[in-house]
Amino acid sequence: MREYTIVRRDGAVNWSDVPELAIDTPLWGTRADVAAWAQLCWSEEALHVRLRARERAIRAEHDSPVGMPCEDSCLEFFFSPV
């Protein structure tokens, strides 16, 4: 298991100073030609999240409010504070 420590950053976030984590373990066991990274930090006012991805063939077909964007190219962040 990998660990990632969410660092504290006050003021404007300088993303070059926030540790980067490769998102490279698919939950559903399927491999895609996608590279993705996450960066997280916090301040007294907010949790800051930066997600980046690189993909050759971006799929963007679902655009309705009740569509299924998870079937398109997407990068999601789910958060459940304790």
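Residues numbered from 1 in each chain as written. Predicted model: local features only at pLDDT ≥ 70, side-chain atom pairs only at ≥ 80, totals over all residues. Heavy atoms only, no water.

Turning to the overall build of the protein chain, a few remarks are in order. When helices and strands are counted, the protein chain shows zero helices and four strands. Secondary structure elements of the protein chain occur, N-terminal to C-terminal, as β-β-β-β. Against the compact-globule benchmark of 12 Å for 82 residues, the protein chain has a radius of gyration of 15 Å, which places it well outside the compact range. Overall, the C-alpha framework of the protein chain stretches about 40 × 30 × 25 Å when taken along its three principal axes. (Helix = DSSP H or I, 4+ residues; strand = E, 2+ residues; numbered from the N terminus. Rg over C-alpha atoms; globule rule 2.2 N^0.38 Å.)

A separate point is the layout of surface pockets. Estimates place the volume of the largest pocket at around 1,300 Å³. Lining the largest pocket we find 31 residues, and of these Ile23, Pro26, Trp28, Cys74 and Leu75 sit closest to its centre. When residues of the lining of the largest pocket are traced back to their parent elements, those giving at least two are β2 (21–23), β3 (34–42) and β4 (47–55). Per-element accounting of the lining of the largest pocket gives the leading share, six residues, to β3. Tallied by class, residues from the lining of the largest pocket come to 21 nonpolar, three polar and seven charged. (1 Å grid on protein atoms, 1.4 Å probe; cavity = no way out; pocket = protein on both sides within 12 Å on 5 of 7 lines; lining within 4 Å. Points joined across faces, edges and corners; volume = space filled by probe spheres on them. Nonpolar A, V, L, I, M, F, W, Y, C, P; charged D, E, K, R; others polar.)

We now examine a nonpolar patch on the surface. A cluster of nonpolar side chains, contributed by Ile6, Trp42, Leu47, Val49, Phe77 and Phe79, occupies part of the molecular surface with about 510 Å² of accessible area. Position of tryptophan 42 relative to the elements: it lies in strand β3. We classify tryptophan 42 as partly exposed; its relative accessible area is 32%. (Patch = residues over 30% accessible without salt bridge, like charges linked within 9 Å, V, L, I, M, F, W, Y side chains within 5 Å. Areas by Shrake-Rupley, 256 points an atom, 1.4 Å probe, with all protein chains shown as cover. Salt bridge = Lys/Arg side-chain N within 4 Å of Asp/Glu carboxyl O. Buried < 20%, exposed > 50% of the residue type's maximum accessible area, 1.4 Å probe, protein only.)

Another point: the pattern of salt bridges. Oppositely charged side chains can pair when the atoms bearing their charge come close. Under the definition given, this model contains seven salt bridges. Between aspartate 17 and arginine 9 there is a salt bridge whose closest N-O contact spans 3.1 Å. Among the residues examined, arginine 9 registers a relative accessible area of 23% and is labelled partly exposed. Counted as one network, the salt bridges with shared partners bring together Arg8, Asp10 and Glu44.

Two strands pair when backbone bridges link them, and strand β1 (residues 7–8) and β3 are joined in this way by two bridges, in the parallel orientation. Among the inter-strand pairings, arginine 8 is bridged to a residue of β3, identified as tryptophan 42. Across three bridges, β2 lies against β3 in antiparallel orientation. By the bridge assignment, isoleucine 23 is partnered in β3 with alanine 36. Judged from the nine bridges that link them, β3 and β4 form a sheet pairing that is antiparallel. Within β4, the residue paired with alanine 35 across the bridge is arginine 54. In sequence, β3 turns back onto β4 through a hairpin of four residues. (Pairing = 2+ DSSP bridges.)

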